[in-house]
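Given next are the chains, with one letter for each unit.
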Amino acid sequence: MGLLSRIATFFGRSDDDALSVPPMDGVFKPNTLLDSAEIVLQLAGIDNLAAADAMIYCSSGTVLHRIDPRRGSAAVVKSFDAPITAIATSPSGQIAIAIEKLGIELLSPQGAGRLINLATTYAACVTAIVFRDEDTIVFTVGSQQHAMSDWKRDLMSRGATGLVASLTLSTGKTEILSDKLAFPYGLANGPGGTIAVSESWRHRILPLRSPGQQPATALLADLPAYPARLASASDGGHWLALFAPRRQLTELVLVEDDYRLEMMATIPPEDWIGPDFGTGGSEEQPLQSGSVRQMGIMKPWAPSRSYGMVVRLDRDMTPIASYHSRADGRMHGIASVVELDGALYAASTGAGTLLRLDPASEALS
Amino acid sequence: MNNSNALTRLRYKYFSGRLVGEILSKSWIDSAIPVLALLVTVALMASAIPDLFSIGYMTDLSRQLAEFGLVALALTIVIMSGGIDLSVGSMFALCVLAALVGMNVLGLPIGVALAMTLATGLVCGLLNGVLIGYLRLRAFITTLVTLVIYRAIYDIIFPRLASAIVGNTPESPLWDFLGFGEFYGFPLSFIIFAIIAIAIHITLSRLRPGWRLRAVGGARKSAYNAGINVKATVCMAYVTSGLLTSIAAFLFSARLGSTGADTGIGMEISVLTAVVLGGISLGGGRGSVGSAIIGAILVLILTNGLIRLSTPGSVNQLLLGLILIIAVLFDAQWVKNRGKILSKVYVSPTYLELPERVRPKSDPFALNERLREVELIGLGDVEGPEDVVLDRNDNLYTGTRHGTIVRFLAPDYAKSEIFARIGGHPLGLAFAENGDLLTCVGGMGVYKVSPDGTVARVTDETNRSWLSVIDDSRLRLPDDLDIAPDGRIFFSEATIRYEMADWVVDALEGRGNGRLICHDPSTGKTRTLLRGLIFPNGITICRDGQSLLFAETWACRISRYWFDGPNKGKHGVVVSNLPGYPDNINRGSNGTYWIALLGLRTRTFDLAMRKPAFRRRMARRIAADEWLFPNVNRGCVVQISESGEILDVLWDLAGENHPSITSTCENKGYLYLGGVSNNRIGRIRLPDADPDWTARGDYWRKD
């Protein structure tokens with residue numbers, strides 16, 4: 001800690017208190033590529049894309065769907081008793097499905113299901129899964145205090161109880177790889193057996209070198225939005241979905257304990273100040289003054305609750321291109337993407353839409 | 001929780017910090033610190049020197065002040081014009097020489113000698129003025145050169161006439177009276193100084209030449225663009241400086257009767273110190289006569305005190321120089337940071353508790369999409385139609401943010417024309433009985449447009465309240481108006497603390513910053529009726545002709561005020577705890593009233609209204625575009641009965657066409673909608689309304 005920041009901390013202005021939000025500039029310069037992207041199909045609450053055998057698996061609430069991206073049709077695979085929170089596929093076609101508060105269901109390529117129970121603190125909030133090999137999965141637990149559907153409460157409680165764990169499928173044995181994370185939301189296999197984790201509430205991507213070792217410096221930090229799932233790109237890099245924008249007002253509320261605690265105690269979460277997957281919904285939702293419609297137009301730069309953003313990262317996790325849906329757009333709340341047969345598929349949870357993008361298009365800067 | 005809320009409420013009722021911002025926004029705050037410095041200096045000197053305040057010392061001080069103060073005023077005028085005059089000391093010496101030559105050497109009558117002295121000052125000042133004003137030379141270098149030139153002239157002439165000056169004494173009782181006479185205990189020279197100072201004060205603060213001078217000093221280019229003759233103004237500043245210096249020199253000569261080789265040497269530094277200490281900004285455009293005098297007294301007391309403490313003269317000069325440096329430093333910081341501090345502390349939120357809204361099963365405010373079927377008028381042709389009103393031929397009138405009133409022609413409203421150009425954004429509109437269109441214009445006042453389009457001001461000020469720090473006599477944001485049967489105009493002023501462009505900041509404060517005002521055309525008088533209203537907005541006269549309904553936007557309530565009859569002066573709430581923020585109120589058919597809801601309450605904003613400290617930190621720490629705001633992206637129109645019963649509610653949920661509806665106007669079975677931040681007017685058919693009803697008929701029972 002440098003002298004200046006020491007002094008700042010002494011006077012109650014530590015780095016954590018700074019309310020500045022990184023600007024969307026440089027590689028993150030906004031565009032409207034997500035809004036102009038091809039719409040594959042509409043499916044309410046679509047999330048958790050995973051590709052297997054030229055098909056895309058996704059969730060819509062409690063239902064697992066299989067989408068044929070070429071025909072734009074979806075078929076129900078299986079319904080569960082609770083919302084699906086994460087899906088992953090293995091090279092051999094196994095599908096791992098995390099179900100809120102139950103555990104991880106393993107579907108064999110033939111369709112036989114097997115539920116692996118997890119500790120209740122883990123099962124409520126499995127946010128992402130990757131297969132390391134056919135017998136081992138790594139999964140993230142966003143929070144040990146709040147369920148996935150209560151993610152906003154975890155953010156507003158300044159939650160940092162997330163962890164990354166591995167699970168051996170044959171034995172059901174779990175092992176914690178890293179903990180005290182502020183809502184890990186995405187996972188990706190990096191080169192040489194490394195794992196990258198997106199830590200959403202701290203707006204960064206961390207490396208996870210080997211079990212037990214604490215994460216070192218971030219691979220990518222100071223993101224202008226809350227990162228969600230990571231997906232592998234065919235060129236060896238990654239895709240990062242960012243589900244909601246950071247706003248100064250949210251940062252302010254996070255340090256305003258009195259206001260925040262009373263808000264959490266007296267107001268339903270959908271009406272809180274903070275990020276969201278989509279606009280609309282309750283008429284009680286807060287508004288920021290830059291988002292007031294002027295002359296019949298919502299300004300694209302308005303400080304909206306939701307936003308659509310997908311970033312392409314190279315092998316070193318350096319961002320090289322970005323795709324946006326701005327305040328006046330609709331394709332907000334993209335929490336998962338998948339690359340399949342040279343096309344990028346993005347699920348806009350806010351708009352309930354599956355989009356197809358051409359990764360070779362003009363977004364490459 | 002309730003206890004702490006009550007405490008918060010009390011704290012913000014009495015100590016909201018509003019005054020800090022308001023005091024900082026006054027122009028006299030520039031002099032407040034010099035006054036404090038003066039008091040401290042006087043106190044220090046009084047403790048160090050026992051008989052500081054003896055009559056003799058005060059008389060002597062006031063004579064010195066007369067001369068020194070006049071030169072300080074001279075420099076003040078020049079600095080306020082954006083320049084500097086270093087030659088005042090040499091000019092002073094030359095003028096003293098002129099006065100003494102006239103009186104002592106030539107033995108001229110006192111009037112002629114005075115004319116000679118003034119002429120010397122005038123010529124010296126004119127030379128500076130022409131060089132700097134018309135030939136555009138740098139003020140600093142020019143007056144530095146003339147300082148040397150005037151001093152050289154003095155040094156050439158003075159030794160040749162020194163013995164003649166000392167040798168002769170003029171036979172003029174008036175001359176002696178000027179030097180030593182007193183008038184009711186005050187030295188004559190001091191009285192002359194006081195008269196001149198008052199005249200200059202009035203000129204600088206109240207008259208056109210003074211305003212022009214400050215404009216030129218504050219922003220030369222803008223002054224030029226505003227049509228001010230910059231060159232002449234600058235030149236006149238130096239000429240005035242020369243004249244004032246010569247008057248000071250004349251008084252000095254009368255007092256001392258002689259001069260020396262060192263007369264006026266170093267004077268520019270002490271005068272400059274005085275002026276800067278007084279708070280005259282070296283950047284130009286800021287300052288006042290009072291500040292100059294305070295600075296002059298400060299420097300005089302300091303130098304005299306130091307002399308009486310037998311400090312050597314060189315140390316004296318050193319101290320003066322140090323003080324000047326500190327004062328200049330302070331001045332630079334003050335000018336730079338004052339605006340910043342002001343912008344940080346001016347917004348002063350207060351506690352405003354709105355009751356929680358419980359939603360019964362049969363909530364009259366249940367959402368619907370009835371405003372979706374709206375027909376659009378003038379899409380893209382109008383910007384900011386805050387209010388809409390129709391005349392007897394069903395033509396539609398609305399104000400725009402371009403400062404015009406636009407008329408859409410019946411019956412299809414496809415064609416429009418500019419009916420009148422106002423200059424400010426017309427908000428509330430109402431027709432008087434004789435067909436005049438009355439309008440509240442943001443930032444200007446209440447204006448009247450006759451049917452042929454002639455614009456006339458009705459009123460732009462009201463009585464000033466004694467306890468208000470900011471000047472509340474000018475109308476800042478008149479919002480809506482209505483006309484009583486006897487022709488009196490009742491209008492609301494939404495806030496006295498913010499201009500038109502910043503009206504949303506008032507939402508953050510939630511204080512009763514607004515008022516209800518009445519203008520009586522028969523007497524021409526404007527009086528404030530109610531103060532402390534929370535953003536009073538819509539106004540409509542009730543059908544009894546004795547009372548009116550007004551909306552308080554941030555308080556989400558409608559109240560009734562009786563201006564005549566048995567209940568005169570009383571007011572009471574009619575509808576409270578609305579789900580949104582009421583804007584304009586207008587009469588509807590069947591004895592009803594229409595209320596436009598600007599936006600919807602949200603729980604988060606209601607909570608913020610109970611947390612003034614949170615809102616203040618929000619205003620300070622994050623950009624205005626990021627501030628929390630009520631949800632004004634939805635539109636709602638409510639119909640109520642006179643007793644406040646909710647009769648009908650129409651919504652535009654998505655806010656595609658009509659977010660933040662600010663006014664409604666029913667006419668012949670249609671409802672017209674306006675919005676202050678919209679670019680269209682809406683019209684919707686009311687199936688149950690009386691198809692012949694017009695507001696004009698309802699008000700004046702004609703047509």
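Cut-offs and rules
- Throughout this document, residue positions are counted from 1 along each chain, in the order its sequence is written.
- For this description, chains carry letters from A and ligands carry numbers from 1, given in the order in which they are written.
- At least 70 in pLDDT is required for a residue's local features to be given in this predicted model, at least 80 for side-chain atom pairs to be given and counted, and no such filter applies to totals for whole chains, interfaces and linings, which use all residues.
- In computing side-chain values, all of the structure's heavy atoms are included and hydrogens and water are not.
- Put simply, DSSP H or I for four residues or longer makes a helix, DSSP E for two residues or longer makes a strand, and each gets a number counted from the N terminus.
- Throughout, a contact is declared for two residues whenever any of their heavy atoms are within 4.5 Å.
- Accessible surface area values rest on a Shrake-Rupley calculation with a 1.4 Å probe, where residue burial reflects the displayed protein chains alone.
- Counted as positive: Lys and Arg. Counted as negative: Asp and Glu, with His and the chain ends omitted from the count.
- A single reference atom marks each charge: NZ on Lys, CZ on Arg, CG on Asp, CD on Glu.
- For the exposure calls, accessible area comes from a 1.4 Å probe over protein chains only, and a residue counts as buried if that area is under 20% of its type's maximum, exposed if over 50%, partly exposed in between.
- Each salt bridge in this description consists of a side-chain nitrogen of Lys or Arg and a carboxyl oxygen of Asp or Glu lying within 4 Å of one another.
- Counting of polar contacts relies on pairs of N or O atoms within 3.5 Å, with two restrictions inside protein: one atom must be capable of donating a hydrogen and the other of accepting it, and residues adjacent in sequence are counted only when both atoms are side-chain atoms.
- Two cysteine sulfurs form what is called a disulfide whenever their separation falls within 2.5 Å.
- Expected helix span is given by 1.5 Å per residue-to-residue step, counting one fewer step than there are residues.
- Here a cavity denotes grid points, spaced 1 Å and computed from the protein atoms alone, that fit a 1.4 Å probe unable to get out, and a pocket denotes an open set having protein on both sides within 12 Å along at least 5 of 7 lines; residues with an atom within 4 Å of a point are the lining.
- Grid points are joined across faces, edges and corners, and a volume is the space filled by probe spheres set on the points.
- Residues are grouped as follows: nonpolar covers Ala, Val, Leu, Ile, Met, Phe, Trp, Tyr, Cys and Pro; charged covers Asp, Glu, Lys and Arg; every other residue, Gly included, is treated as polar.
- By convention, a stacked pair of Phe, Tyr or Trp rings (six-membered ring in the case of Trp) has centres within 6.5 Å and planes under 30 degrees apart, an edge-to-face pair has planes over 60 apart, and any other such pair is tilted.
- Only Lys NZ and Arg CZ are tested; either one counts as a charge over a ring when it is within 6 Å of the ring centre and within 35 degrees of the ring normal.

## Thoughts on the overall build of chain B
Secondary structure assignment for chain B yields 19 helices and 27 strands. Considering only C-alpha atoms, chain B reaches an extent of 105 × 60 × 50 Å along its principal axes. Intrachain contacts of chain B at a sequence separation of at least 6 include 62% that bridge at least 24 residues. Here chain B has roughly 29400 Å² of accessible surface; of this, 60% comes from carbon and sulfur atoms. Side-chain charges of chain B comprise 69 positive and 62 negative groups, with the mean position of each set lying 5 Å from the other.

## Here's the deal with the side chain of Glu666 of chain B
Residue and element names in this part refer to chain B. Take Glu666: it is sitting in strand 25 (residues 663-667). Although Glu666 is buried, it makes no salt bridge; Arg543 carries the closest opposite charge, 7.5 Å away. Engagement of the side chain of Glu666 in a polar contact is seen with the side chain of Ser589, the distance being 2.7 Å. A polar contact of 2.7 Å, which involves the side chain of Glu666, links it to the side chain of Trp594. With near-sequence residues (within four places) excluded, Glu666 lies in contact with Arg587, Gly588, Ser589, Trp594, Leu671, Leu686, Ala689, Trp693 and Ala695.

## Some points on the state of the cysteines
All names here are of chain B. Tallied over the full model, the rule gives zero disulfides over all chains. Considering cysteine sulfurs only, Cys556 is the nearest to Cys636, which forms no disulfide, with 12 Å between them. Cys636 sits in the buried class, given a relative accessible area of 1%.

## Regarding helix 14 (residues 289-308) of chain B
All names here are of chain B. For helix 14, spanning 20 residues, the distance from its first C-alpha to its last is 28 Å, which sits close to the expected 28 Å at 1.5 Å a residue. Along helix 14, 15 of the 20 residues are buried, which leaves the element largely enclosed by surrounding structure. Of the residues trailing helix 14, Ser310 is marked for its positive phi of about 50°.

## Here we look at the side chain of Ser325 of chain A
All names here are of chain A. Among the structural elements, Ser325 can be located in strand 21 (residues 319-325). Within polar-contact distance, the side chain of Ser325 engages the side chain of Asp35 at 2.9 Å. Only 3.1 Å separates the side chain of Ser325 from the backbone nitrogen of Met331, close enough to count as a polar contact. Sequence-distant contacts of Ser325, defined by excluding residues within four places in its chain, comprise Asn31, Leu34, Asp35, Tyr307, Gly308, Arg330, Met331 and His332.

## Topic: empty space enclosed by the protein
Take a probe with the size of a water molecule and roll it over the atoms, and the empty space left behind shows itself. Residues and elements named next belong to chain B. In this structure the tally under the stated criterion is two cavities of 30 Å³ or more. Approximately 120 Å³ is the volume found for the largest cavity. The wall of the largest cavity is formed by Glu386, Leu427, Leu477, Asp479, Met500, Trp503, Phe535, Asn537, Asp583, Leu598, Thr662 and Val676. Partitioned by chemical class, the residues of the lining of the largest cavity number seven nonpolar, two polar and three charged.

## Focus on unusual backbone geometry
All names here are of chain B. A cis amide bond links Ala410 with the next residue in sequence, Pro411, at an omega value of 5°. One can find Pro411 in the loop between strand 6 (404-408) and strand 7 (416-421). Of note in this structure, Phe535 is not a glycine but carries a positive phi near 50°. Relative to the elements of secondary structure, Phe535 occurs in the loop between strand 15 (525-533) and strand 16 (536-541).

## Quick word on the packing of aromatic side chains
Applying the stated criterion across every chain, the model contains 29 aromatic pairs over all chains. With 6.0 Å between their ring centres and 40° between their planes, Tyr226 of chain A and Phe243 of chain A make a pair best called tilted. Taken together, the residues span a long stretch of sequence, with Tyr226 of chain A in strand 17 (residues 225-232) and Phe243 of chain A in strand 18 (residues 238-245) at a distance of 17 residues. Residue Tyr226 of chain A is classed as buried on the basis of its relative accessible area, which comes to 1%. The buried category is assigned to Phe243 of chain A, whose relative accessible area is 0%. Ring-pair connections join several aromatic residues into one group, and the members of that group are Trp151, Phe183, Tyr185, Trp201, Tyr226, Phe243 and Phe277 of chain A. Above the ring of Tyr57 of chain B, the side-chain terminus of Arg308 of chain B is found at 4.8 Å from the ring centroid. The ring of Tyr346 of chain B has Arg497 of chain B sitting right over it, with the charged end atom 4.3 Å from the ring centre.

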